[in-house]
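Coordinate inspection notes
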Amino acid sequence: MSSQESPETRTSTEPEAPRDASGTPVISVDKLVKKYGERTVLKGVSFDIQPGQVVALVGPSGGGKSTALRCMTGLEPFHDGAIRVGDAKLTPGPLARHKHELARLRLESGLVFQTWHLFPHMTALENVHEAPVHVKRVPLEVARNKAKVLLEKVGLSHRQDAMPRNMSGGEQQRCAIARALAMEPKVLFMDEPTSALDPQRVGDLVELLDHLKTSEKLTFVIVTHEMKFAEKLADRTLVLYEGHVIEDGHPKDILVAPKDPRTRTFLGLDDA
Amino acid sequence: MYTHGVTSRARIARWLALIPLVLLAGALLSCGGHRETALERVRRTGILRWGGDIQGGEPYVFEDPGQPGRLIGFEVEVADAVAREMGVQAEFVQNDWSNLVPSLERGSFDVIMNGLEVTPARADTVLFTRPYFVFSAQLVTRRDDESATSLDALENHRVGTLASSFSWEILRERPVEVVAYEGTEEPYADLRAGRLDGVLLDDIIATRYGLVHPELHLTEDVADGYYAVACRQRETELCEAIDEALAAIAARGELRQILARWEIDNERQARLASWTDEDTHAMLLVRQRATFTAHHAWLFVEGAAVTLLVSVLAMALAILLGLQLALARMYGPKPLAAVATSYVELFRGTPVLLQLHVLYFGIMPAIRAGIGVDAGTEYDAFFAAVVGLGLNYAAYEAEIYRAGIQAIPPGQMEAATVLGMSTSLALRRIIVPQAFRIALPGVTNDFIALLKDSSLVSVITVVELTKRMTITAIDVRSYLLPGLLCAGLYLALSYPLSLLSRRLEAQLARESS
Ligand SMILES: Nc1ncnc2c1ncn2[C@@H]1O[C@H](COP(=O)(O)OP(=O)(O)O)[C@@H](O)[C@H]1O
Ligand SMILES: [Mg+2]
């Protein structure tokens, strides 16, 4: 419904975003309102994301980043506004009422949780081919071979028979990425991918995501509270602050010249 | 830990050392002076305490319906007549019928007089007086069963009776399949339902519980048996005094007048007036006490097999149904969840014994009648045992699974959901397999409990390990060897499971750490 949203409908706090020259956005979020009880966590959030973009959703802890992600992945109902991901259109109201659109959404997008949530009773390989076999009904042999390719891509072929409890945090994260990619999504959402990684490993992750971006033709939406990580990885950054998008632009530009004074506080520039 | 073990062992040893002292003191006290006999005590206090169970009902001893609190019945009148003859007063002591003999031995009352039939097994444990009633063990069959003309004609057929009764002892000598019951209504109910082909019981019971149903009829008077007063083994004086009193009231016709008032007098009772000591001898002729043989041991193994089979099948049912209940409760639509919750509360909140009774004697015959198949079969009891225990344990399994499912982090369901799995697929592939691992030690423990609870199915006539033990114990007049063997077999079944459960728990702890 808001796929052709015009810049005029935006609030003044949301600056113009850099865009791919062409076409329809793959994600449209329009005046999204989300409450937990009496508390409004997202207060009319809007943004469009073009295919192929790597977007970092940053902001202070408690700013509503994970909540926005959960709304976009159909894990949380919302109260007002609209979300479109690929061909799936979500509207306000209980999730049980949107079964059909949610099913479509699952085919369009994948999600890597902050704590991965691998299936602990399955090996790494089984984790990856579980959904293709049982949701898409791909023959087991085909799915297994594809899962092996994916594990290789994320650098985990040597761990394909490992149980999650015997894998390191980084390995579990890579496995969770492969599991999400096995469903061939257009968009990959990730929540705080750096939170459980050693600082040395963050570089490996950036490299992997860069590689996947081109090889899988993916759009990334990555939630992080670390501006440094966003800067290394993203070609666009949205700053979410107390339920509003207060910055939208290239991470370097935001770092150098934040438009909103609250961004300075978040970045710690005021103290510096 | 080690020192603690030593000190507590030392403390136990000190207590054990006291035991001989206590025994010695007891012995000295009991040797001091002349010990009063039971008869002397009855004479001194002027009260003869007789034990019985008013639940046996009319015509034995029961509460006057018109005057609650007042006891009436032919045994009340016989007890009063005997006491009067002895110059004392009779006083009734209420006691559960199945425990009358142990209570007598414990001294809860002086004698038993409550339809206690003279059987070889009982004659071995108590002293019997002459009888105060001669009954007939009567074979009752279905009117439409023309082949059931006598007990001999029922060779290899199922014949019901009360456990440990005179009729039970007769049936065990015959080539029939004996089915033992705990209550008097149930054998006739099963005969009418076609689960039995005959019932052999005292004429008083047959008249009141069997022949009141028009489709049943009296087929044969199989043997005469006796109700007599039972005294403790060593109290011969009291036993003889009561015997004399009974002889006196029989000789002057008072006994038959009482029986006539209760409409149970008949030509069989003529023998009471002319009863001699030789008759008592003949009545008490004790069958050779059986010894524990390899055959008994083999029957025990069979009993253990029945226990195991009932338990395994019931547990399989409980696991499948319990899972459905847990899922319905947690993920089902509201009405279904409410039904599942009620189910769990109902089956956990009522005795399993009651559930077995209602299923076997109530629901199953009603269903048969409903679908027009009215012939019950010999497999009904086994079926009811499996289904009854399975339905009951399903309630407990449901709670174990529910706890197991609740222990799975919500992120698992979310991860499955974003991969496109439906709730049912996610439950089947992701949640339940994990929950089952968590539930497994609890399920194993429940299976051990079920092995033991399966002894309850003897109330619906299934002969499993415990029932086999009681039957054998009556035969060999001792609970020691049968009891130990029975316990050994239960342990052999449950101990490996106990080990398994502990290993599973340890493995689970390792995996979750
Ligand atoms: N399930 C929930 N119930 C109630 N409040 C919640 C829930 N999830 C998040 N919140 C609240 O919403 C706000 C935004 O949370 P979140 O989206 O997790 O922020 P971020 O990911 O930016 O740190 C926080 O104040 C948080 O306490
Ligand atoms: Mg968060």
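As the structure is a computational prediction, the values presented were derived from the model and not from experiment.

**What to know about the overall build of chain B**
The number of helices and strands found in chain B is 20 helices and 10 strands. Counting only C-alpha atoms, chain B reaches 95 × 70 × 50 Å along its principal axes. Classification of the 513 residues of chain B by burial places 48% in the buried group. At a minimum sequence separation of 6, the contacts of chain B that also span at least 24 residues come to 74%. Total accessible area computed for chain B in this model is approximately 25000 Å², and 60% of it derives from carbon and sulfur atoms.

**Overview of the overall build of chain A**
Scanning chain A from N- to C-terminus turns up 9 helices and 10 strands. The C-alpha atoms of chain A give 18 Å as radius of gyration, which agrees with the globular expectation for 272 residues (19 Å, within 12%). Taken along its principal axes, the extent of the C-alpha atoms in chain A is 55 × 45 × 40 Å. Taking all 272 residues of chain A together, the buried fraction comes to 54%. Across chain A, every contact between residues at least 6 apart in sequence was considered, and the portion connecting residues at least 24 apart equals 65%. Of the accessible surface of chain A, which amounts to about 12000 Å², a share of 51% is contributed by carbon and sulfur atoms. With 36 positive and 37 negative side-chain charges, chain A shows a separation of 5 Å between the mean positions of the two kinds.

**Overview of the packing of aromatic side chains**
All names here are of chain B. Inspection of the entire model under this criterion finds 16 aromatic pairs over all chains. Taking the centre distance of 5.9 Å and the plane angle of 80° together, the rings of phenylalanine 62 and tryptophan 262 count as edge-to-face. Here the residue phenylalanine 62 occupies a position in strand E2 (residues 62-63), and tryptophan 262 occupies one in the loop between helix H10 (254-261) and helix H11 (270-273), the gap between them amounting to 200 residues. Grouping residues by exposure puts phenylalanine 62 and tryptophan 262 together as buried. Considering the side-chain rings of phenylalanine 135 and tyrosine 227, the 5.1 Å spacing of their centres and the 40° angle between planes classify their relative orientation as tilted.

**Quick look at the interface of chain B and chain A**
How large an interface is tends to be reported as the accessible area lost when its parts come together. Listed as interface residues are 16 residues of chain B and, on the opposing side, 21 residues of chain A. Here chain B meets chain A over a buried area of about 1700 Å², counting both sides, of which 66% is carbon and sulfur. On the surface where chain B and chain A come into contact, there are 2 salt bridges. A salt bridge links glutamate 414 of chain B to arginine 70 of chain A, with the shortest nitrogen-to-oxygen separation between them at 2.6 Å.

**Considerations on the site of ligand 1**
All names here are of chain A. Neighbouring ligand 1 are the residues Tyr36, Arg39, Val41, Pro60, Ser61, Gly62, Gly63, Gly64, Lys65, Ser66 and Thr67. A distance of 2.8 Å separates an oxygen atom of ligand 1 from a polar atom in the backbone of lysine 65. A distance of 2.8 Å is found between an oxygen atom of ligand 1 and a side-chain nitrogen or oxygen belonging to serine 66. About the coverage of ligand 1: the protein hides 62% of its 560 Å² of free accessible area. For the shell around ligand 1, the elements supplying multiple residues, two or more each, are strand E2 (39-49) and helix H1 (65-72). In terms of residues, the shell around ligand 1 owes the most to one element, H1, which gives 3 residues. In the shell around ligand 1, the residues fall into 3 nonpolar, 6 polar and 2 charged.

**Examining the sheet that holds strand E6 (residues 109-112) of chain A**
What holds strands together in a sheet is hydrogen bonding between their backbones, with the strands either parallel or antiparallel. Residues and elements named next belong to chain A. Ordered in space as E6-E7-E8-E3-E9-E10, the 6 strands form an open sheet in which the pairing is mixed. Because the sheet does not close on itself, it has two edges, and the strands there are E6 and strand E10 (244-249). In this sheet, adjacent strand axes meet at a mean angle of 15° when their direction is disregarded. Two elements, strand E3 (residues 54-58) and strand E9 (residues 236-241), share 4 bridges in a ladder whose sense is parallel. Opposite valine 55, over in E9, you have arginine 236 as the bridge partner.

**What about the confidence of the model for chain B?**
The predicted structure's coordinates, where accompanied by low pLDDT, should not be read in detail. Summarising the model, chain B shows a mean pLDDT of 89, and 92% of its residues fall at 70 or more. Reported confidence for the predicted complex is 0.90 by ipTM and 0.78 by pTM.

**So, unusual backbone geometry**
Omega for the bond connecting glutamate 58 of chain B with proline 59 of chain B falls within 30 degrees of zero, at 0°, which places this linkage in the cis form. Along the polypeptide, proline 59 of chain B turns up in the loop between strand E1 (47-52) and E2. Look at glutamate 242 of chain A: it is not a glycine, yet its phi comes out positive at around 45°. The backbone phi angle of serine 164 of chain B is positive, close to 70°, even though this residue is not glycine. Take serine 164 of chain B: it is sitting in the loop between strand E7 (158-162) and helix H6 (166-172). Overall, the relative accessible area of 23% leaves serine 164 of chain B in the partly exposed class.

**What about the pattern of salt bridges?**
Evaluation of the coordinates by the stated rule reveals 43 salt bridges over all chains. Across the pair arginine 271 of chain B and aspartate 224 of chain B runs a salt bridge whose closest N-O atoms are separated by 3.5 Å. Within this pair, whereas arginine 271 of chain B is found in helix H11, its partner aspartate 224 of chain B is found in strand E10 (residues 216-231), the two being separated by 47 residues in sequence. We classify arginine 271 of chain B as partly exposed; its relative accessible area is 30%. A salt bridge links arginine 402 of chain B to glutamate 399 of chain B, with the nearest nitrogen and oxygen atoms 3.3 Å apart. Taken together, the residues arginine 402 of chain B and glutamate 399 of chain B, both in helix H16 (residues 380-406) and 3 residues apart, mark about one turn of the helix. A cluster of three or more residues bridged by salt bridges with shared partners is formed by Lys34, Arg70 and Glu76 of chain A together with Glu414 of chain B.

Rules of the game
Residues numbered from 1 in each chain as written. Chains lettered and ligands numbered in written order. Predicted model: local features only at pLDDT ≥ 70, side-chain atom pairs only at ≥ 80, totals over all residues. Heavy atoms only, no water. Helix = DSSP H or I, 4+ residues; strand = E, 2+ residues; numbered from the N terminus. Buried < 20%, exposed > 50% of the residue type's maximum accessible area, 1.4 Å probe, protein only. Contact = heavy atoms within 4.5 Å. Areas by Shrake-Rupley, 256 points an atom, 1.4 Å probe, with all protein chains shown as cover. Rg over C-alpha atoms; globule rule 2.2 N^0.38 Å. Lys, Arg positive; Asp, Glu negative; His and termini not counted. Charge placed at Lys NZ, Arg CZ, Asp CG, Glu CD. Phe/Tyr/Trp six-rings, centres within 6.5 Å; stacked < 30°, edge-to-face > 60°. Buried area = accessible area lost by both parts, 1.4 Å probe. Salt bridge = Lys/Arg side-chain N within 4 Å of Asp/Glu carboxyl O. Near = heavy atom within 4 Å. Polar contact = N/O pair within 3.5 Å; in protein donor to acceptor, adjacent residues only side chain to side chain. Nonpolar A, V, L, I, M, F, W, Y, C, P; charged D, E, K, R; others polar. Pairing = 2+ DSSP bridges. Axes fitted to C-alpha atoms, helices over the stretch in contact; angles between N-to-C directions. pLDDT = per-residue confidence, 0-100.

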